[in-house]
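Here are the chains, one letter per residue:
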Amino acid sequence: MHLKINTLKKQIFLFCLNVITTISFSQNGNWYKGDLHSHSRYSDGSSSVSSIIANAESKGFTFYVLTDHDKTYTSNPGNPIHWKDTAYHSNKMILLYGTEWTTNNGHACIWNSKPFIYDSIFQANKLGQPDKAAEIGKGQGGIFSVNHPLSGSLRWEYNYNFEFQSLEILNGPFSYLPSNNKNVITTVWEPLLLSGKRITAVGGSDMHYLNSWLTSFLPNLGSPTTYVFSNQNNAEGIIDGIKKGHVCISNSPSEPHLDFFADIHQNNQFNFMMGDEIADTNSLIIFKVNLIGKQNNLTFQVIKNGILLNNHTFSISAADSSIEFSDIPGQKSYYRIELLSNGNPVSWTNPIYFGYETRTIAYVNSNSELSKIEIYPNPTNDDVYIRNKTNESINIKLYNVTGEVLVQVSTYDETIKIDLETYSRGIYFIKINDGKSYKVIKQ
Ligand SMILES: [Zn+2]
């Protein structure tokens, strides 16, 4: 086993920087671009809904959501009033429904594919309960996204110990303080990722004035721009893409953005993209980064578990080109990419995660139907469970790395416990119905 690992390490060393000029997407879908955070005159902005929609369309957005502060709710019982403006429609963009949950201790955007019931979310506002607001928002199919967490008096003063899906790592006005955005990434987002949460990073311009003397000081709509990958050309698809972390952020609509893929079998099949999670942490992974758009003096850097990966900074000059690199995660890990222009970050991917979930979903071909078998937790400290939802008996074999069968069982039970307590730490394989083997790690 040791020898094998050494060979793999050598492979990394010998792996050549590979610049490919064709982009082949292994996943069906498209990138949608838009802005997730902005205000009209319905709250503290100065622009009409119709002028904002026209401006968003002129920037080439394919989705947009207006997120006026929920203070409009108090004087107008019912849903936030900006949803009801008849100018809030577009033939060119997918529109979402959103509002900014605004309290003295922090702000958050809540987005949904359709209007949602706001009354109980507003009660959670009055009571200062972000966990409740997030839960109710999520229960209606929406997303709760913490905004500008380190921004002066508007900073997030609640804790992060609740279930929320997204975090605004890049906020328009606060991009004038580049250290603020960097601090959000390094002191808020990355610690959350390292703690085991999978939180989608997004950007928001927080635009308040399309045309005003302030516009020359404050970033306008689309600064930053958020890209969402989806295989559905509708609002549900955008929401789903954000939930999955299929999201990349760029400083502005004109700056390049990135694709980030992983090939887990070294067979040139890049079946995983940013936001995805891969259970295996011990294989050599080939990563691919596609540059979409062009700028001079661009470099990629690879960040693994919050740390810049040595020797993984690549220059790239040709438009729409790709770079590949490889690594073995080795433990629960995430990888993300930052794109720099003349040394300054201009685009950020969400991570690809390894070993984050405790559940491995294995598919077993039984009577020409795909039936589900779940193996969890993995890695494990002692027991491993197999859940059999096939309604048929299954044959399970546990092997060690030398191929010795340690346990064999045929059962109709829906949940089967395999006790690894007496075995040493390391890698084991579970074979179902003499088909494919699944790696289980005892740590
Ligand atoms: Zn705000």
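Residues numbered from 1 in each chain as written. Predicted model: local features only at pLDDT ≥ 70, side-chain atom pairs only at ≥ 80, totals over all residues.

(A) Structural context of the overall build of the protein. Looking only at helices and strands, one finds seven helices and 29 strands in the protein. Split into buried and exposed, the 443 residues of the protein put 41% on the buried side. Across the protein, the fraction of contacts at a sequence separation of at least 24, relative to all contacts at a separation of at least 6, is 65%. (Helix = DSSP H or I, 4+ residues; strand = E, 2+ residues; numbered from the N terminus. Buried ≥ 20, exposed ≤ 12 C-beta atoms within 10 Å, placed from the backbone. Contact = placed C-beta atoms within 7 Å.)

(B) View of the environment of Val401. Of note, Val401 is situated in the loop between strand 25 (394–400) and strand 26 (405–411). With 12 C-beta atoms packed within 10 Å, Val401 lands in the exposed category.

(C) Focus on the sheet that holds strand 25. Taking strand neighbours across the sheet as the criterion, the four strands line up as 26-25-28-29 in an open arrangement whose pairing is antiparallel. Unpaired on one side and paired on the other, strand 26 and strand 29 (437–442) mark the two borders of the sheet. For this sheet, the mean angle separating the axes of adjacent strands, direction not counted, is 20 degrees. Across six bridges, strand 25 lies against strand 26 in antiparallel orientation. When the sheet's bridge partners are listed, Leu398 is paired in strand 26 with Val407. (Pairing = 2+ DSSP bridges. Axes fitted to C-alpha atoms, helices over the stretch in contact; angles between N-to-C directions.)

(D) Structural view of the sheet that holds strand 6 (residues 106–112). Reading across from one edge, 5-6-7-8-9 is the order of the five strands in this open sheet, with mixed pairing throughout. In the strand order of this sheet, the two ends are held by strand 5 (97–103) and strand 9 (200–204), each with one partner. In this sheet, adjacent strand axes meet at a mean angle of 30 degrees when their direction is disregarded. One ladder, built from five bridges, connects strand 8 (residues 166–171) with strand 9; its direction is parallel. Looking at strand 9, one finds that Leu167 is bridged to Ala201. On the sheet, helix 7 (residues 235–243) packs against strand 6, strand 7 (143–146), strand 8 and strand 9 and is oriented at approximately 50 degrees with respect to strand 7.

(E) Looking closely at the confidence of the model for the protein. Averaged over all residues, the pLDDT of the protein is 84; the fraction at 70 or higher stands at 86%. Confidence drops under a pLDDT of 50 for residues 1–26, and excluding neighbours within four residues, the segment shows 24 contacts in the predicted structure. Across residues 358–370, where pLDDT falls below 50, the model places 29 contacts with residues more than four positions away in sequence or in other chains. (pLDDT = per-residue confidence, 0-100.)

(F) Spatial organisation of the environment of Phe217. Along the chain, Phe217 falls in the loop between strand 9 and strand 10 (225–230). Taking the number of C-beta atoms within 10 Å as the measure of exposure, Phe217 has 10 and is therefore exposed. Phe217 sits 44 residues away from Pro173 along the chain, and the two C-alpha atoms are 8.6 Å apart.

(G) Main features of unusual backbone geometry. Cis peptide bonds are those with omega within 30 degrees of zero, and the linkage from Ser223 to Pro224 qualifies with 5 degrees. The residue Pro224 is located in the loop between strand 9 and strand 10 in this model. With an omega of -15 degrees, the peptide bond between Tyr376 and Pro377 qualifies as cis. Following the sequence through the fold, Pro377 ends up in the loop between strand 23 (369–376) and strand 24 (383–388). Of note, Asn268 is a non-glycine position whose phi angle comes to about 65 degrees, a positive value. Summarising the element assignment, Asn268 is placed in the loop between strand 12 (257–263) and strand 13 (272–273).

(H) Molecular detail of helix 5 (residues 130–139). Buried within helix 5 we find Pro130, Ala133, Ala134, Ile136 and Gly137. Taken end-on, helix 5 shows its buried residues confined to a sector of 165 degrees, consistent with a single buried face. Residues of helix 5 that are buried sit in contact with strand 5, strand 6, helix 4 (119–126) and strand 7. (Arc of directions from axis to C-beta.)

(I) Representation of the packing of helix 4 against helix 5. Where helix 4 meets helix 5, the axes come as close as 8 Å, and the angle between the chain directions of the two elements is 170 degrees. Taken together, the axis directions place helix 4 and helix 5 in an arrangement best described as roughly antiparallel. Across from Ser120, Ile121, Ala124 and Asn125 in helix 4, the residues of helix 5 making contact are Lys132, Ala133, Ile136 and Gly137. A breakdown of the residues in the contact of helix 4 with helix 5 according to their chemical character gives four nonpolar, three polar and one charged. (Parallel < 35°, antiparallel > 145°, perpendicular 65-115°, else oblique. Nonpolar A, V, L, I, M, F, W, Y, C, P; charged D, E, K, R; others polar.)

(J) Structural detail: the pairing of strand 28 (residues 426–432). Pairing of strand 25 with strand 28, which is carried by five bridges, proceeds in the antiparallel orientation. Bridging from a neighbouring strand, Ile396 pairs with Ile432 of strand 28. Relative to strand 29, strand 28 runs antiparallel, the two being bridged by six bridges. Considered in strand 29, the bridge of Gly426 is made with Lys442.

(K) Structural view of the environment of Glu421. Examined against the element boundaries, Glu421 turns out to sit in the loop between strand 27 (415–419) and strand 28. Using a count of 8 C-beta atoms within 10 Å as the deciding quantity, one classes Glu421 as exposed. C-alpha separation for the pair Glu421 and Lys442, spaced 21 residues apart in sequence, amounts to 9.0 Å.

(L) Structural context of the pairing of strand 11 (residues 247–250). Both faces of strand 11 are covered, namely the face carrying Val247 and Ile249 and the face carrying Cys248 and Ser250. Looking at chain direction, strand 10 and strand 11 are connected through four bridges and run antiparallel. What sits directly across from Thr226, in strand 11, is Ile249.

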